[in-house]
Amino acid sequence: MTPISLTSADDPRIAAFRDVRERDLTGREGLFIAEGEVVLNVLTSAWSRCRARAVLLADKRLAKLEPVLARLEPDVPVYTAPQEVLDGIAGFHLHRGILALGEKPAPLDPDAFLATRPESSVLVGAVGIGNADNMGGIFRNTAALGACGVMVDPGCCDPFYRKAIRVSVGAVLRTPLMADLSALAMVERAEAYGYVPLALTPGDGPDLLELEPPRRSLVLLGAEGPGLSREVLARARPVRIPMASGFDSLNVAATSAIVLHHLTRR
C-alpha cells in the first residue's frame, strides 16, 4: 500500500469524496461513505459484507492506521491530505480525519437467507424508520445481541447513510440486510420459515417479560409516533414494554435492545 498524497481539494481522483453532506442527500448509486476509525476497521475486516473502493485520510492518521490499511485489496487507493485540504474536500471540518468509499453488498434474497437460518434465531423488521440515529442503533443492537439479520421496508431511511453507519459502529456493514419488503411481506416471508411475528406496541398486549421466546421470532419495530399499522398488528403477536405512569413509550432503538436481549438470552 503506497499512499497517494493530495495537495488540492479539486483533485479529480477524489471526486467521490467531495461535498459529503450534499451527496448524503442525493445518494451515491450503490456506494456509500464510511467515517471514522471504528467503521473503517469493520469495513476492512473479514466480517464485512461490503468492499472498500478508496480511503481518504488526514496525513496525521496514516501511521496509526497502517495495520488496518494493510487489509485492503491491492487495487484500493489510499489518499492522504493535510487537514485543511481534507476539510475542503468533505465540505466541513472532518475532525476524525478518516473517510472510506465503500460498495454496498448485493441484495439478499429473503427466501434463500431464511431457509438457511439456525433452528433458533431472531430476525428484526424495521418499518418506517426514517431517523438515521435510530436506524444505526437498531443495527448495532442486532449485531451486538446476536439477531441474524434485518428487514427494512421502503419507508425506512437508507441504512448505508453515513450517519446510520457511524451510529451503528459499523454494524450496518456486516449485518445481513433484506430491503424493500412491506411490513406484511416481512410477516408472510418470515412465517413461511417458522418465524413468529412479534409487534412492539405501547398499546394493549402482553408484557414482554411474560413472553416465552419462540424458537424463531421476527421483531417488528415501527416508527416513533405512527408505530405499526392496524393490519400488521392484526397479523402479529402484540408485545409491550410496561412504562412508568405518565410515559407512553421508549425510543425505538432502545426498545430493540430490550426486546432482543430478552429473546436471545432466554
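Remember, predicted model here, so these are calculated numbers, not experimental data. (Residues numbered from 1 in each chain as written. Predicted model: local features only at pLDDT ≥ 70, side-chain atom pairs only at ≥ 80, totals over all residues. Heavy atoms only, no water.)

Student: I'd love a proper account of the pattern of salt bridges, names of residues and values included.
Tutor: Any two side chains of opposite charge can pair, so long as their charged atoms come close to each other. Within the structure shown, the criterion is met by 14 salt bridges. A salt bridge links Asp11 to Arg13; the nearest nitrogen and oxygen atoms lie 2.8 Å apart. Arg215 is paired through a salt bridge with Glu119; the nearest N and O atoms lie 3.4 Å apart. Pair noted here: Arg215 is in the loop between strand 9 (196-200) and strand 10 (216-222) and Glu119 is in the loop between helix 5 (110-114) and strand 6 (121-127), with a separation of 96 residues, a long-range link. Accessibility assignment for this pair places Arg215 and Glu119 in one class, exposed. Several salt bridges share partner residues, and in doing so they unite Glu35, Arg96, Arg162 and Arg166 into one network. (Salt bridge = Lys/Arg side-chain N within 4 Å of Asp/Glu carboxyl O. Helix = DSSP H or I, 4+ residues; strand = E, 2+ residues; numbered from the N terminus. Buried < 20%, exposed > 50% of the residue type's maximum accessible area, 1.4 Å probe, protein only.)

Student: Summarise unusual backbone geometry; cite the residues concerned and give the values.
Tutor: The phi torsion at Val169 lies on the positive side, around 45 degrees, for a residue other than glycine. Note that Val169 resides in the loop between helix 7 (162-167) and helix 8 (171-174). With phi around 60 degrees, Asp180 is a residue other than glycine that occupies positive phi space. Take Asp180: it is sitting in the loop between strand 8 (177-178) and helix 9 (183-192).

Student: A description of the pairing of strand 2 (residues 31-35) should follow, citing residues and the corresponding values.
Tutor: Note on strand geometry: in a regular strand, side chains alternate between the two faces of the sheet. Counting buried positions along strand 2 yields five of five residues, so the element is predominantly enclosed. Two strands pair when backbone bridges link them, and strand 2 and strand 5 (residues 98-103) are joined in this way by five bridges, in the antiparallel orientation. Across the sheet, Leu31 pairs through a bridge with Glu103, a residue of strand 5. (Pairing = 2+ DSSP bridges.)

Student: Outline the sheet that holds strand 4 (residues 78-81), listing residues and values.
Tutor: Strand order in the open sheet formed by five strands is 1-4-3-5-2, with mixed pairing between adjacent strands. Strands at the two margins of the open sheet, each flanked by one partner only, are strand 1 (4-5) and strand 2. Contacts from helix 3 (residues 62-69) reach strand 3 (51-58), strand 4 and strand 5, with the element oriented near 170 degrees to strand 3. (Contact = heavy atoms within 4.5 Å. Axes fitted to C-alpha atoms, helices over the stretch in contact; angles between N-to-C directions.)

Student: Let's hear about helix 4 (residues 83-90): which residues, and what values?
Tutor: Most of helix 4 is tucked away, with six of its eight residues classed as buried. Residues of helix 4 that are buried: Gln83, Val85, Leu86, Asp87, Ile89 and Ala90. Of the residues flanking the end of helix 4, it is Gly91, one or two places downstream, whose phi is positive at about 90 degrees.

Student: I'd like a rundown of the sheet that holds strand 7 (residues 149-152), residues and numbers included.
Tutor: With respect to topology, six strands assemble into an open sheet ordered 8-7-6-10-9-11, the strand pairing being parallel. Bordering the open sheet on either side are strand 8 and strand 11 (237-239), each of which pairs with just one other strand. Alignment of strand 6 against strand 7, held across four bridges, turns out to be parallel. From the neighbouring strand, Leu123 faces strand 7, where its bridge partner is Gly149. Across the sheet, helix 9 touches strand 6, strand 7, strand 9 and strand 10, and the angle it forms with strand 10 is around 175 degrees. Relative to strand 10, helix 11 (residues 252-265) is tilted by about 170 degrees, and along the sheet it contacts strand 6, strand 9 and strand 10.

Student: An account of the environment of Ser45 is needed here, citing residue identities and associated values.
Tutor: Mapped onto the fold, Ser45 is located in the loop between helix 2 (37-43) and strand 3. Side-chain polar atoms of Ser45 contact the backbone oxygen of Val42, separated by 2.7 Å. (Polar contact = N/O pair within 3.5 Å; in protein donor to acceptor, adjacent residues only side chain to side chain.)

Student: Quick one: what's the story with the layout of surface pockets, residue by residue and with numbers?
Tutor: Counted as a void, the largest pocket has a volume near 440 Å³. Taken together, 21 residues make up the lining of the largest pocket; nearest its centre are Leu200, Thr201, Pro202, Ser249 and Leu250. Elements that contribute at least two residues to the lining of the largest pocket include exactly strand 10 and helix 11. For the lining of the largest pocket, the class distribution of residues is twelve nonpolar, six polar and three charged. Computed from the structure, the second largest pocket encloses a volume of approximately 360 Å³. In terms of lining, the second largest pocket is formed by 18 residues, of which the most central are Asp158, Phe160, Leu177, Ala179 and Asp180. (1 Å grid on protein atoms, 1.4 Å probe; cavity = no way out; pocket = protein on both sides within 12 Å on 5 of 7 lines; lining within 4 Å. Points joined across faces, edges and corners; volume = space filled by probe spheres on them. Nonpolar A, V, L, I, M, F, W, Y, C, P; charged D, E, K, R; others polar.)

Shape descriptors only; they carry no functional weight alone.
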